[in-house]
Each structure stands twice: as C-alpha cells, then as structure tokens.
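Each chain, letter by letter, is given below.
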4 protein chains.
Amino acid sequence: MKIGFIGLGNMGGPMALNLVKAGHQLSVFDLVPASVQKLTEAGAKAFASPAEVAAQDIDMLVTMLPASAHVRSVYLGENGILSTVKKTVLLIDSSTIDPQTAREVSAAAQKQGNAMVDAPVSGGTGGAQAGTLTFMVGGSEEDFARVKPILENMGKNIVYCGGTGNGQVAKIANNMLLGISMIGTAEAMNLGVSLGMDPKILAGIINTSSGRCWSSEVYNPYPGVVETAPASREYTGGFGADLMLKDLGLATEAAKVAKAPVTLGATAQQLYQTFSNQGQGGLDFSAIIKMLQKA
Amino acid sequence: MKIGFIGLGNMGGPMALNLVKAGHQLSVFDLVPASVQKLTEAGAKAFASPAEVAAQDIDMLVTMLPASAHVRSVYLGENGILSTVKKTVLLIDSSTIDPQTAREVSAAAQKQGNAMVDAPVSGGTGGAQAGTLTFMVGGSEEDFARVKPILENMGKNIVYCGGTGNGQVAKIANNMLLGISMIGTAEAMNLGVSLGMDPKILAGIINTSSGRCWSSEVYNPYPGVVETAPASREYTGGFGADLMLKDLGLATEAAKVAKAPVTLGATAQQLYQTFSNQGQGGLDFSAIIKMLQKA
Amino acid sequence: MKIGFIGLGNMGGPMALNLVKAGHQLSVFDLVPASVQKLTEAGAKAFASPAEVAAQDIDMLVTMLPASAHVRSVYLGENGILSTVKKTVLLIDSSTIDPQTAREVSAAAQKQGNAMVDAPVSGGTGGAQAGTLTFMVGGSEEDFARVKPILENMGKNIVYCGGTGNGQVAKIANNMLLGISMIGTAEAMNLGVSLGMDPKILAGIINTSSGRCWSSEVYNPYPGVVETAPASREYTGGFGADLMLKDLGLATEAAKVAKAPVTLGATAQQLYQTFSNQGQGGLDFSAIIKMLQKA
Amino acid sequence: MKIGFIGLGNMGGPMALNLVKAGHQLSVFDLVPASVQKLTEAGAKAFASPAEVAAQDIDMLVTMLPASAHVRSVYLGENGILSTVKKTVLLIDSSTIDPQTAREVSAAAQKQGNAMVDAPVSGGTGGAQAGTLTFMVGGSEEDFARVKPILENMGKNIVYCGGTGNGQVAKIANNMLLGISMIGTAEAMNLGVSLGMDPKILAGIINTSSGRCWSSEVYNPYPGVVETAPASREYTGGFGADLMLKDLGLATEAAKVAKAPVTLGATAQQLYQTFSNQGQGGLDFSAIIKMLQKA
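Residues numbered from 1 in each chain as written. Chains lettered and ligands numbered in written order. Predicted model: local features only at pLDDT ≥ 70, side-chain atom pairs only at ≥ 80, totals over all residues. Heavy atoms only, no water.

What counts, and what does not: UniProt positions are given in the numbering used here, feature names are shortened, and annotations may be inferred rather than shown by experiment.
As annotated in an unreviewed UniProt entry, chain A carries the name 3-hydroxyisobutyrate dehydrogenase and comes from Pelistega suis. Its UniProt record, at the heading Sequence similarities (unreviewed entry), says of chain A: "Belongs to the HIBADH-related family." Per UniProt, chain A carries the Catalytic activity (unreviewed entry) text "3-hydroxy-2-methylpropanoate + NAD(+) = 2-methyl-3-oxopropanoate + NADH + H(+)".

This is the structure:
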C-alpha cells in the first residue's frame, strides 16, 4: 500500500520503519533532517511539507505528533494535510491529544469527505521498535476494519473503542488510572516498609489481595521487588515521568470539559508536576516513590 | 483444642461457630447476650468477662474487637485477659487496629510470658460465615506455625507477614491501596463515560492495559460492567464505605507515626468521609462513584 | 469620547450604561436583542457585528465576553474586530480568560498597529451596576495611563499589573487563593463547631490570629457569623460557585502551562466541580461549607 | 502567688521565668537538669517529679509538654500530678494537644475535685521570651477569670474559647487554616511570578483584594515582598515547618473523631510531611514555597 507518514520522532520513526519493512511504499515528512534520513535510507520518499505528502497518490496517511497544537496545525494549517489531500485517503492520527481536538480535526476532515480515525498508542519506544504497540482506535466500525491490517504492521493489540475521539478517551482514562495506581502503590509500599515490613512480602500479599494492580504486580516501584521493572535498574528506561505528567494534564483538562470530578487524578497530576520540577522528569514514572522517601 | 473467644459480633460470631464446627471446645464472652446465645446453643460455654475466659484451661485465645481502644481495654484493663491468663496460652488478636497498639499489647503479653500474634482478616461477613477469610499474621515464625492450623478452620488463605504488628501493617497498606484504586477506577470510568465511551468497552480496555486493578476487573464500580459486583445490585452487600473509611483512618494515622507521606491515601480518606456524611456510608465502598456523577 | 462596546450581558450591560451616564458616545453589539435594547434606550447606537462596531469612528473599544473562545473569535474571527478596526483605536478586553489567549490576541492586535490592554474585573454584577468594580490592567504603562480615566467611569479601583496578560494573571492568582481560603475557612469553622465551639467565638479568634483571611473576616461561610455575608441569607447573591469553578479552571490550566504546582488549587477546583455536580453551582461560592456538613 | 510549673523547654522555660519576674514563687520540674538550673538560678525551687511539685503548697500549676502522651502521663501516671495534688490547686495545661485528650485529662482532674483549664499558646519562642504570647483558654468562665491575671504575666492576649478543650479546638482550627492559607499563598505567588508578574505588585493586588490573608500580608512566603518575614531572611526564625506539621496532624486527627471532612487540611498535612522528609522541616513553615519552585 501507499502510505503517507508525518512525524518521524522517537515513536513515529520506528513505526514508519515497520511499515516499510512490511512492504509498504512510504511518503514521509519531518522537520528534523536526521529523522527523515533514516526513513529515506530504508526506502521511503521524503517531501517538503505535510501538504506535499498529502498531495501524493496515497491510500492512507499516518500522523504521529507531540501535542494538540501540532495536530491542529498539521491538519488544518496553511500548508496542512486537508489543503491538498484527496477524498479517498484514510487519515490516521496516532498522536496522544485531548479528545476535543481529535473530534474537531476529524469533523473538519469528514466535512471535506475524508475518513479519519484517532489511534493513539501505548507501549513506548520499545514497543514502537518491536512492532508490539497497542492501538486504541476511535472512528466508525467500517474505518476500523480498514485500518486494522495496517496498524497490525506496527502493533499487536488493535482495540476498537467506539466513535471518533474514543481512542483518545480510552488512552487518557487508562493512563490517569495508571498514574493514580502507581502513586497509590508507592504510598502503600513505602508506608508498609516504613512500618517494618519486608517489601517482597508486602508486595506478595497485595498481589494476592484486593489492592493488586498492574503497578504492584508488573511494575512495582520498590527496588528489587520485580526484577524486570525500572525500579530494579534505578528507574531508567520505561515510561518517563514527564510523559505521565503530559497524559495526566490531558485527562484533567478533558475532565473539566466533561464536568467530571477527578480529585485523585488532579492530585496525581500535581505530584508529578512537583516531581518534575525537582529535576526528576526524565526518570521512569515509578520513580515517584523517591518523593515519599526520607532524604 | 480448648479455645477462648472474645468478641462474637458480625465477624467474630461466625468465626467462633466455625471453630465449634471443627470440633474445638470454646469458652466465650461478648457484651451482647444474643450474640453469646448463638454460640452456647452450638455448644460453647459462656463466661462473664474476658478475665474469666482467660482463666479457663485453654490452649489458645482469639479476640475479634471493633477498634484499638477495645483491644487495649480487653487485654490490659482491670478485668482484662492479661490479668488471669496462663503463660502457656497463645493469644491471637484478629481485630483490625493500628500497628502501634498491636505492638504495645503484644509487648505487654510477651513481657509476662505469653506468645501473641496479630491476625487481622479480609473477606467480610460472607467470608467469616463460609470460612474463607484471609488471615494476615504478624509474629514469630514459630507462633505462626502453631496458629496456622487453627486459623485454617476459619479461613482459606493464611499469610505470614513477618514480626509482630506486621499483620496489621499488611492489612492497612493493602486496604489503603484498595481505597485509592477504587476511587481512581471510579474517576476513570466516569470520565470515560462522560466523554462518550461505552462503560463495558472502557473497562475491557483498562483490564487488558496498564490501568487494570482488582477494582476495575473484579469489583468495577460502574453498574452493569461486572455482573457479580455490588455496583450491579445497587451497591448492597460487599464491603461498606464506612469500613473503608475506618481502614483509611488507620492507614493515615499510622502514616503520621511513620512519617510516610500518603497524599492520595489521605485524600481518599477525606472523600469517603464526605461520602459518609452525605448519608451513604452503609453502601458498598464502590458506591463512591455516585459522588462523581451529576445529581 | 467615542467608545465601542461588545458584550452587554450581566456584567457588560451595566458597565456600558455607566459609560453612557458618564457622557460617552457608545457604539454597541451583542447577540441578544434585549441586551442591546437596554443600551439603545439609554442612547447608545447598535450595530450588526463586532466588525461593524470596530469600523466606526471610535477612540476606544471595550469587550466583555464569557470565555477565551469568544475573545479569540470576536477579535480574530472572520467578522472580528481586527478585520476592520483603525490603528488609532485602543482595545480593552475586560473578559476573564487565560493569560496565554490574552497575550496571543494582544500580540495579533499590536502586530497590526493597535494598542491593547487586558483589564479583567472583580466586584460582581453589584459592582458593575454601582460602578465600583476593581480593574486589573495588563499592558504598557502608557496605555494604562490612557485607559485609566475611562475605566474610572466603571470602577473605583484601577490597578496596574505590568505587561500584557498580567491583568489576567493577577485575577486568576487572587481568585485561586480566594477559592482555597474559602474552603480552608469552611473546613476550619466546621471542624471547630463539630468539636463544640461557638461559631462566632471561633471566627473572632481566627480573625485576630494568623488564620485570618478575607473569607473568614468579611465573607464567613458559617451562617450568622457575618450578617452581611451570603451565608447569612442562605447563600444567595454574591459570587456564584460555578464562577469560582470557572476561575479555578483557568488557574489550574495556566499552572500547567507555567509548570507551577498548585496542589491545593487543583483540589479546590475538584471540590467545586463535585459541589456543582450536586446541583449547587448557582449558590454563592461560600456554600461549599454545606458539602462538609452531615446530611 | 505560689505556682507549680512542669516542662521547662524552649517554650516553658521562658514562660516560667516571666512568672518569677512577676514576683511569683515557683516550684518546678523538668527531666533536663540544664533547663531546671536556669529556673533555680532565677529563684525557683526544683523538685524530683511532677507528683512532688504537685504536693507542694501551691495555688496553681502550669504544664507545658510536647505532646498528648506526655500530658496523659504527667497528669494521670504513677508519679503524676493527680496522685498528690490538693483540690484547691487550679491546673493549667498550656501544651498543644488533641482536644479529646485535653477533655479526658480535665475530666479526671475534675472528678477528684480539681479545676482545670486548657490554655495552648501561639507566638513562638520569641513571644514566650517577650511575654507576648496569645493564650486560648478552654474551661469554665469562673476558672478563666481566675487564670487570666496569671496568664497575663506570660502573654498579652488572653482569649476565652468556651468549655473544656475549646482552647485546643481554637488553636488547631486556626493553625489548620493558617497552614492551608500559607500553601495557597505560596501557590498563588509562585503561579503569578511564573507567568511573568512582579512579586511585589502581585502581593499588593492580593492584599487589597479577596485573596488577602495573614500569610500574604504579614508573612508572605516570596522573598523580598515583606522585609520582616522569614522569607526575606532565608526562612530562618519564625514557626518551624515541623511544628506546623505537628499541628496539622492534630487537626486531621481531631477531624476524624469529629467526622468533619478537611480535604485541604489533610492535603496540607501531606505536603508538609513530604517537605519535612526532604530535610526542610527546620525551616520556617513559609519555606514550603521552595517545594513548588523549579530545582
């Protein structure tokens, strides 16, 4: 298939490479020449703007951008995708952004005849390279059926979330709960150990009880409890605290629009902001336990 | 075996009955005559005070009391257990109380030669009746080995947590995380549904992602998502919100003593207090989602 | 002077009337005919769009709009002010919006040669009618000197806050602290009274001690403590809880952009959201104390 | 007058000295010999235990102790005050403790015929030395009239708070509001400055607006805004963060007993705990603003 791809950073780059490896013909754009070069070396063709990529003879177009403002500009701006794209091109935005922007951009695309789905991912840069990402897809069932085979070249878990914007909703709802559970696990582990318990015994009890969660079982923030977790390698690798901060920011902002109280979500967002300001935003997000411990 | 049992309420009553059914000889006490009668009808012998029960020719003595003040009084008070008990009697306190009190009472018992373990339970009145409780046991490994066979007459999961008081520590750490996860799940589900998602689809995604937890999988607070959860029967049965409030109170208090920050735990405690004041403390604790929804 | 005025609602209407009363010639616009009529009856001239008002021979132009999106659209949109306004017209936006939007719109105005200040108000509809509003003005000192005499026709306290956007910053910083202090006062009063104190004695002690604040002295949320406060007239009149919710929303959003932790501010925002969802958003914001009291 | 005084630390020491200076005869006790020596050098007579002090021919007895456990032990313990004190002695406890303990100890005293008031202070070690403390007094009006002249030898503001325990209630309610207001002021100042405002201008606006509070006016946490505030001398002197943490601990614990939600109070307590764990508990409590700033 002929596919356009815009946004070739830490996530978009390896995703686009996986599409090339799967045999697709790629037309690409990124502001950073070095990022573009990796793709052209693999056989992709580079263009000078989103509008130029969109003007090519392509079947689908994938975007992977840092934030809502970029998505808005790349799709709706002067040299944006919608200014040149043909009606037959199916648009896929894999950026993680707020649901409202996703719905507005999608509505603009549909107004001029283009199908569009939002398909944010989880799985990190490791998953992007290995092609094992999870895609959460919002759009019509018909469009989901069309994009699924393509997304399977980049991920192994392609989940249908319902109408437009619901991919974003699912991602921020899940990640908000993840942020809360992680801090909750950190508080429970630190409390128990401070009161004299062995961390492995405590984790074992929680993991067979009603407190168990992904953060306690798979990704325990206490060093040495789970050998494969970032906590056991000084909080390197994994999902950065600043990325969690971004997702909690999206969740609390969407909650304002929805008039849905998220008291723990908002508190979690503040704690990650405090942690980030202390210069720790580059560590894995489970490192938040360090903020609870005595200096 | 000959066993003393003090505290025959909603939890202690059925626990004591299970010991009788298992063939043990019970000497019992409770302030409420009707509670005592159920046990005497089953074959137990009743006495007029904790001190009288403790004075009998018994091997072990179990207490199941509402709060720290009762434990302190029943063990250390004028007519208390320690005033009459023989040194060979192994003491088991199954009340849920703060770890400090557990350790102080245990130290007093050991000072006069009595072995003692703390063994709080989870599993609710249903588990007490069915004999399927989980016991979290703090004390020496030797004492744990002695009490395990007896506890197995009342529960199916007997977990060793380390030294004295650690049973209480494990319970409050787990339940604090449970309270946080439940509110987090309620916030995430309500946010997602408010933004247009189907609750079952959202729960399905969370439960296969990093947000998954016991509260989302087994006990989802959104009605209709898990058929067997209290949310699907109007929040009746289950673990009452006021009991969760009590456990969060113990956890935050222990956290003060340990100088361990529990920001989400303390916020959860306040939210349950607010919910309780609105007259909802008798509902299952997953009903906290009602406080997030529009009136 | 010849002045344009766009936005004639509960705040803008009486503000514009005060300009008419002060002898200025007004050119006005609002979407609601009844709002326009009140001004035309007083002698103002009505026009069909913001662009038409801006096209008149005017010296200054005041806007008073509900939210950022309206400001953006009224200034930058197709039929917006900047499409027709002459360079000599000084623009004054009195809407309460986020500082970023204020700065973006102001930059756009200045780019095409128009001076602009942000001048949000406090004092409510009562202050708007009585001409006793406080204006917090952001912009150059020169422009401040020009707008001050005009603003004095609508308010009695005209405060210079520094460069563009700082009027908005001052307002949201002050109102965030107000929201926090109000909930804090409500918690302290309710706690003290629940523990047996007389509310007037407690307020008296706080007001001569380090806990004193505007919310405890002037606007005490406990009924009967301050006769002139909304609490003493069942929380009617005053500053609505939903308006406080809006300002806390602006503050927490600006805090994200500034990467400034506002943990109490964000918690206050969530508590007002919860209160609003319980159907209480129309009451004065001091009514938040009702959420703390037993049902 | 003949007065007993127990507890001669940083606060009690200078308070007792002021009583000596006022011409009273003092019988004193403290565990630390150096603290006792300062008083005996000034003319007081030392004794070997609280019970011995209480057994002297005295009119009143003042205690100034670190926490509830000490008060309980000094009054009710084996060598405690109540074991020897004559019925005519009026007891004054100036420790800051939880209201329940204050009421229990007072009830025990009254049961054996001794009048007792709780009279916690504010004003710090500076106020203790200068004799300018504020006393918040709980007890009968008659007893208040009797203790007032004596307390005026140690303070300048003697406030009647109502029945037994209300001195403690007033103090913790005020100090909880103070802790909340201080963090709120820190958040508002840091937010405004991060968004580009001059700190003095921002403080000026807040202090003439609805956000004003003692923390913004007298004790502003931003350096340089109030020359006499600890913020302008690197947060030395003043009221230590760890003392605020203690008072917030008492307030949140009393709130549990009263079933009064204090969501901001509990969050403030957690933030001070976090700050203390980062090794900052010895700084003035306004230094909490450092936790909000970028590292």
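There is more to say, and it comes next.
### Some remarks on the overall build of chain A
To keep it simple, the criterion reads: Put simply, DSSP marks the helices as runs of H or I at least four residues long and the strands as runs of E at least two long, and each gets a number from the N terminus on. A radius of gyration in this sense is built from C-alpha atoms; the matching globule rule multiplies 2.2 Å by the number of residues raised to 0.38. Exposed residues in this analysis have more than 50% of their type's maximum accessible area, buried residues have under 20%, and partly exposed residues fall in between, with area computed by a 1.4 Å probe over protein chains only. Throughout, a residue-residue contact means that at least one pair of heavy atoms, one from each residue, lies within 4.5 Å. For every accessible area listed, the method is Shrake-Rupley and the probe measures 1.4 Å; residues are considered covered only by the protein chains on display. For this count, His and the chain ends are skipped, Lys and Arg are scored as positive, and Asp and Glu as negative. Taken as the charge centre is NZ of Lys, CZ of Arg, CG of Asp or CD of Glu, depending on the residue.
Counting its regular elements, chain A contains twelve helices and nine strands. For a compact globule of 295 residues, the expected C-alpha radius of gyration is about 19 Å, and chain A comes in at 20 Å, within 12% of that figure. Overall, the C-alpha framework of chain A stretches about 65 × 45 × 35 Å when taken along its three principal axes. In chain A, which comprises 295 residues, the share counted as buried stands at 63%. Once local pairs closer than 6 in sequence are excluded, the contacts in chain A between residues at least 24 apart make up 62%. As displayed, chain A has an accessible area near 10200 Å², and 52% of this comes from carbon and sulfur atoms. Separation of charge centres in chain A, based on 21 positive and 23 negative side chains, amounts to 1 Å.

### Overview of the domain arrangement of chain A
All names here are of chain A. So the rule is basically this: How far each domain reaches was decided by an automatic or database domain assignment. For any pair of parts, buried area is found by adding up, for both, the accessible area (1.4 Å probe) each one loses once the two are put together. Each salt bridge in this description consists of a side-chain nitrogen of Lys or Arg and a carboxyl oxygen of Asp or Glu lying within 4 Å of one another. Under this definition, polar contacts are N or O atom pairs within 3.5 Å; protein pairs additionally need one hydrogen-donor-capable and one acceptor-capable atom, and for neighbouring residues in sequence, both atoms have to be side-chain atoms.
Each assigned domain of chain A is listed with its residue range as follows: domain 1 (2-163) and domain 2 (169-291). The C-alpha centroid of domain 2 is placed 30 Å from the C-alpha centroid of domain 1. Taking both partners together, domain 1 and domain 2 bury about 820 Å²; carbon and sulfur atoms supply 69% of that area. The three residues of domain 1 that bury the most area against domain 2 are Thr-96, Pro-99 and Gln-100, which together make up 49% of that side's buried surface. In this assembly, domain 1 and domain 2 are joined by zero salt bridges. Counting every contact that joins domain 1 to domain 2 gives four residue pairs in polar contact (both at pLDDT 80 or more). If you tally residues by element for the side of domain 1 that touches domain 2, the top one is helix H5 (residues 99-111), at three residues.

### Overview of the relation of the copies chain D and chain A
Note the cut-off: Least squares is the method used to superpose the copies, on C-alpha atoms of residues holding a pLDDT of at least 70 in both.
At an RMSD of 0.0 Å, chain D and chain A line up after a rotation of 180° and a shift of 0.0 Å along the axis. Seen this way, the second copy is the image of the first under a two-fold rotation axis. Both copies present the same face, since 100% of the interface residues in chain D are matched by interface residues at the equivalent positions in chain A.

### Some words on the pattern of salt bridges
Residue and element names in this part refer to chain D. For the structure shown, the criterion picks out 32 salt bridges over all chains. Of the charged contacts, one joins Glu-104 and Arg-72 as a salt bridge, the two residues approaching to 3.0 Å between their closest N and O atoms. Of this pair, Glu-104 sits in helix H5 (residues 99-111) while Arg-72 is found in helix H4 (residues 68-76), placing the two residues 32 residues apart along the sequence. Of the residues examined, Glu-104 reaches a relative accessible area of 41% and is grouped as partly exposed. The salt bridge partner of Arg-146 is Asp-143, with a shortest N-O separation of 3.9 Å. Of this pair, Arg-146 and Asp-143 both sit in helix H7 (residues 141-151), separated by three residues, roughly a single helical turn. Its relative accessible area of 40% is what places Arg-146 among the partly exposed residues. When its relative accessible area of 10% is taken as the criterion, Asp-143 is described as buried.

### Describing the interface of chain A and chain B
Each partner contributes residues to the interface: chain A has 58 residues there, and chain B has 58 residues. Between Arg212(A) and Glu217(B) there is a salt bridge; the shortest N-O distance is 2.8 Å. If you look at where chain A meets chain B, you find 18 residue pairs in polar contact (both at pLDDT 80 or more). Looking at the side of chain A that touches chain B, the elements with two or more residues in it are H5, strand E9 (155-160), helix H8 (166-194), helix H9 (199-207), helix H10 (214-217), helix H11 (241-258) and helix H12 (263-280) of chain A. When residues of the side of chain A that touches chain B are assigned to their parent elements, the largest contribution, 21 residues, is made by H8(A).

### Quick notes on helix H5 (residues 99-111) of chain B
Residue and element names in this part refer to chain B. What counts, and what does not: Expected helix span is computed as 1.5 Å times (number of residues minus one). Regarding the arc, it is the one traced by the directions from the helix axis to the C-beta atoms.
The end-to-end C-alpha distance of H5 is 18 Å, a good match for the 18 Å that 13 residues give at a rise of 1.5 Å each. Those residues of H5 that fall on the buried side of the exposure criterion are Pro-99, Thr-101, Ala-102, Val-105, Ser-106 and Ala-109. The buried side chains of H5 occupy one side of the element, clustering within an arc of 160° when seen end-on. For H5, the secondary structure elements touched by its buried residues are helix H4 (68-76), strand E5 (90-93), strand E6 (116-118), helix H8 (166-194) and helix H11 (241-258). Gly-113, located one to two residues past H5, shows a positive phi value of around 100°.

### Description of the interface of chain D and chain A
How big an interface is tends to be expressed through the accessible area that disappears when the partners come together. In this complex, chain D contributes nine residues to the contact, which on the side of chain A involves nine residues. Of the roughly 740 Å² buried between chain D and chain A on both sides combined, carbon and sulfur atoms contribute 48%. In terms of surface lost to chain A, no three residues of chain D exceed Asn277(D), Gln278(D) and Met291(D), which account for 54% of the buried area on that side. The interface formed by chain D and chain A contains zero salt bridges. At the surface where chain D touches chain A, the tally comes to five residue pairs in polar contact (both at pLDDT 80 or more).

### So, the UniProt feature "domain: 3-hydroxyisobutyrate dehydrogenase-like NAD-binding" (unreviewed entry) in chain A
UniProt records the feature "domain: 3-hydroxyisobutyrate dehydrogenase-like NAD-binding" (unreviewed entry) for residues 165-292 of chain A in the present numbering. Secondary structure content for residues 165-292 of chain A is 61% helix and 0% strand, while the C-alpha to C-alpha distance between its ends is 36 Å.

### Side note on the sheet that holds strand E8 (residues 133-137) of chain B
All names here are of chain B. Rules: Strands were regarded as paired on the criterion that DSSP finds at least two bridges between them.
Pairing is mixed across the open sheet formed by three strands, whose spatial order is E7-E8-E9. At either end of the open sheet lies a strand with only one pairing partner, and these are strand E7 (121-122) and strand E9 (155-160). Across two bridges, E7 lies against E8 in antiparallel orientation. Note on E8: the bridge partner recorded for Ser-122 is Thr-134.

### Thoughts on the pairing of strand E4 (residues 60-63) of chain C
Residue and element names in this part refer to chain C. Side-chain alternation along E4 places Met-60 and Val-62 on one buried face and Leu-61 and Thr-63 on a second face that is also buried. Of the strand pairs in this sheet, strand E1 (residues 2-6) and E4 are connected by four bridges, and their pairing is parallel. Residue pairing for E4: Ile-3 is matched across the bridge by Met-60. As paired elements, E4 and strand E5 (residues 90-93) share four bridges and run parallel to each other. In the sheet register, Leu-61 faces E5, and the bridge partner there is Leu-91.

### Here's the deal with unusual backbone geometry
Residues and elements named next belong to chain A. The phi torsion at Glu-234 lies on the positive side, around 60°, for a residue other than glycine. Relative to the elements of secondary structure, Glu-234 occurs in the loop between H10 and H11. Of note in this structure, Lys-259 is not a glycine but carries a positive phi near 55°. Its place among the elements puts Lys-259 in the loop between H11 and H12.

### Focus on the side chain of Thr267(C)
Mapped onto the fold, Thr267(C) is located in helix H12 (residues 263-280). When its relative accessible area of 1% is taken as the criterion, Thr267(C) is described as buried. Excluding its chain neighbours within four sequence positions, the residues that come into contact with Thr267(C) are Thr263(A), Thr267(A), Thr263(D) and Leu264(D).

### Digging into the UniProt feature "domain: 6-phosphogluconate dehydrogenase NADP-binding" (unreviewed entry) in chain A
As recorded in UniProt, the sites labelled "domain: 6-phosphogluconate dehydrogenase NADP-binding" (unreviewed entry) are residues 2-162 of chain A. Annotated as residues 2-162 of chain A, this span is 40% helix and 22% strand, and its ends, taken at the C-alpha atoms, are 26 Å apart.

### With respect to the sheet that holds strand E8 (residues 133-137) of chain C
All names here are of chain C. Spatially, three strands are ordered E7-E8-E9 in an open sheet, and the strand pairing comes out mixed. Two strands lie at the open edges of the sheet, namely strand E7 (121-122) and strand E9 (155-160), each paired on one side alone. Sheet topology places E8 next to E9; five bridges connect them, and they run parallel. Across the sheet, Met-136 pairs through a bridge with Val-159, a residue of E9.

### Thoughts on the environment of Leu271(D)
One can find Leu271(D) in helix H12 (residues 263-280). Residue classification places Leu271(D) among the buried positions, given a relative accessible area of 7%. The sequence separation of Leu271(D) and Lys111(D) amounts to 160 residues, and the corresponding C-alpha distance is 41 Å. For Leu271(D), the residues in contact, after removing those within four places along its chain, are Thr263(C), Leu264(C), Ile183(D), Ile288(D) and Met291(D).

### What to know about the packing of aromatic side chains
Note the cut-off: Two aromatic rings from Phe, Tyr or Trp, using only the six-membered ring of Trp, form a pair when their centres are within 6.5 Å; if the ring planes differ by under 30 degrees the pair is stacked, by over 60 it is edge-to-face, and anything between is tilted.
Enumeration over the complete set of coordinates arrives at 16 aromatic pairs over all chains. The interplanar angle of 40° and the centroid separation of 5.0 Å between the aromatic rings of Phe144(B) and Tyr160(B) together place this pair among those described as tilted. Of the two residues, Phe144(B) is situated in helix H7 (residues 141-151) and Tyr160(B) in strand E9; the sequence distance between them amounts to 16 residues. With a relative accessible area of 12%, Phe144(B) lands in the buried category. Centroid distance Trp214(C) to Tyr219(C): 4.7 Å. Interplanar angle 25°. Geometry classified as stacked. Take Trp214(C) and Tyr219(C): they sit in the same class, and that class is buried. One aromatic cluster in this structure is built from Trp214(A), Tyr219(A), Phe239(A) and Phe285(A).

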